[in-house]
Amino acid sequence: MTIFNKTLSLILLVLVVVSCSKENNSNFTLKGEIKGLKKGIVYLQKEGDSSIVDLDSLVITGQPEFTLHTNLDEPILLYLKLFKNDGEEHYIPFFADKGITEIKTSLKNFNFDAEINGSKQQELLNEYRKVLSRFNDQHLENIEANFLAQKNKDTIAMDSLNKLSETIIKRKYSYTIQFALNNRDNIIAPYLAVYEMQSANPIYIDSIYNGLTDNIKQSLYGKKLAEVIANRKLEE
């Protein structure tokens, strides 16, 4: 065996040991499959204080299946990032908790084809997004109708469509508020309040926070919500 082969074997051995160590010491596993993927790199990521942090990664060379690992202290939104061979980056956000989460998707429609199964938080997020997509579809249809009304200079239709747009936005916020209130014992509630309700009436934001259970208030997103409320009151 040449010196080069010995060195290469040692490097591969170290990589295997590191990989096994990470797997044995982790309490979260992401099992993924990207149909059609031949080459690329997948990353497991989270938001840091000022940047995105890589938790684990794997080079894909032919196989569409992969497994990534990390340690979680509590439920948190993570990202599956795909860096394709053409240099493009794509992300799938998902709620992770201790245990196993499975993500199956395709290379062609990486974001839209994603099927995510795992944590209770992700189940609730799936439920929320399913209803929210209906509001988004209505909003897009309304935009298209408004464009045609403007083209035809139909001011009556434009006024009606503008009112409809306001109604859709109000219904969207109303649904988000009620969903958060109904799940005040889950970390999904402060998460939605922080990231999906920036323009909502502060009264509702306060109501969501005050209704949280003590352990949810002490969670990552509970603390973020408390910070949002504190900053708002400083600006008032």
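What counts and how
- Residues numbered from 1 in each chain as written.
- Predicted model: local features only at pLDDT ≥ 70, side-chain atom pairs only at ≥ 80, totals over all residues.
- Heavy atoms only, no water.
- Helix = DSSP H or I, 4+ residues; strand = E, 2+ residues; numbered from the N terminus.
- Buried < 20%, exposed > 50% of the residue type's maximum accessible area, 1.4 Å probe, protein only.
- Polar contact = N/O pair within 3.5 Å; in protein donor to acceptor, adjacent residues only side chain to side chain.
- Pairing = 2+ DSSP bridges.
- Core = buried A, V, L, I, M, F, W, Y, C linked by side-chain atoms within 4.5 Å.
- Contact = heavy atoms within 4.5 Å.
- Axes fitted to C-alpha atoms, helices over the stretch in contact; angles between N-to-C directions.
- Parallel < 35°, antiparallel > 145°, perpendicular 65-115°, else oblique.
- Nonpolar A, V, L, I, M, F, W, Y, C, P; charged D, E, K, R; others polar.
- Phe/Tyr/Trp six-rings, centres within 6.5 Å; stacked < 30°, edge-to-face > 60°.
- Lys NZ or Arg CZ within 6 Å of the ring centre and 35° of its normal.

- Under an unreviewed UniProt entry, the name given to the chain is DUF4369 domain-containing protein, and the organism recorded is Winogradskyella pulchriflava.

## Here's the deal with the side chain of S119
Right, so step 1: Structurally, the position occupied by S119 is in the loop between β8 (115-117) and α2 (120-151).
Right, so step 2: A relative accessible area of 6% places S119 in the buried class.
Right, so step 3: At 2.9 Å, the side chain of S119 and the backbone oxygen of F95 are in polar contact.

## Let's talk about the pairing of strand β3 (residues 52-61)
Right, so step 1: In terms of strand pairing, strand β2 (residues 39-47) meets β3 through 9 bridges, oriented antiparallel. From the neighbouring strand, G40 faces β3, where its bridge partner is I60.
Right, so step 2: The turn linking β2 back onto β3 is made up of 4 residues.

## Quick word on the nonpolar core
Right, so step 1: Counting residues in hydrophobic clusters, the biggest one holds 52 residues, and the most contacted among them are L30, L80, F94 and L225.
Right, so step 2: When neighbours within four sequence positions are excluded, L30 is seen to be in contact with L44, F66, T67, L68, L80, F94, T101 and I103.

## Description of the sheet that holds strand β1 (residues 28-35)
Right, so step 1: Spatial strand order, β4-β1-β7-β8: 4 strands in an open sheet with mixed pairing. Strands with a single pairing partner mark the edges of an open sheet, and in this sheet they are β4 (65-70) and β8. Neighbouring strand axes in the sheet, compared pairwise and without regard to direction, differ in orientation by 15° on average.
Right, so step 2: Of the strand pairs in this sheet, strand β7 (residues 99-106) and β8 are connected by 3 bridges, and their pairing is antiparallel. Each bridged residue has a counterpart across the sheet, and for K104 the counterpart in β8 is E115.

## Focus: the packing of α2 against helix α3 (residues 155-182)
Right, so step 1: Here α2 crosses α3 at 170°, and the two axes come no closer than 9 Å. Classified by the angle their axes make, α2 and α3 are roughly antiparallel.
Right, so step 2: The residue inventory of the contact of α2 with α3, partitioned by class, reads 14 nonpolar, 9 polar and 3 charged.

## Some points on the packing of aromatic side chains
Right, so step 1: A full pass over the atoms with the stated rule returns 10 aromatic pairs.
Right, so step 2: Residues Y175 and F179 carry aromatic rings whose centres are separated by 5.8 Å and whose planes lie at 45° to one another, so their mutual orientation is tilted. One end of the pair is Y175 and the other is F179, both in helix α3 and 4 residues apart, which spans about a single turn.
Right, so step 3: Judged by centre distance (6.2 Å) and plane angle (80°), the ring pair of Y195 and Y221 falls under edge-to-face. You can see Y195 sitting in helix α4 (residues 188-195) and its partner Y221 sitting in helix α7 (residues 220-235), a full 26 residues away along the chain.
Right, so step 4: A relative accessible area of 4% places Y221 in the buried class.
Right, so step 5: An aromatic cluster of three or more residues is present, and its members are F95, Y191, Y195 and Y221.
Right, so step 6: K81 extends its terminal NZ or CZ atom over the ring of Y43, reaching a point 4.4 Å from the ring centre.

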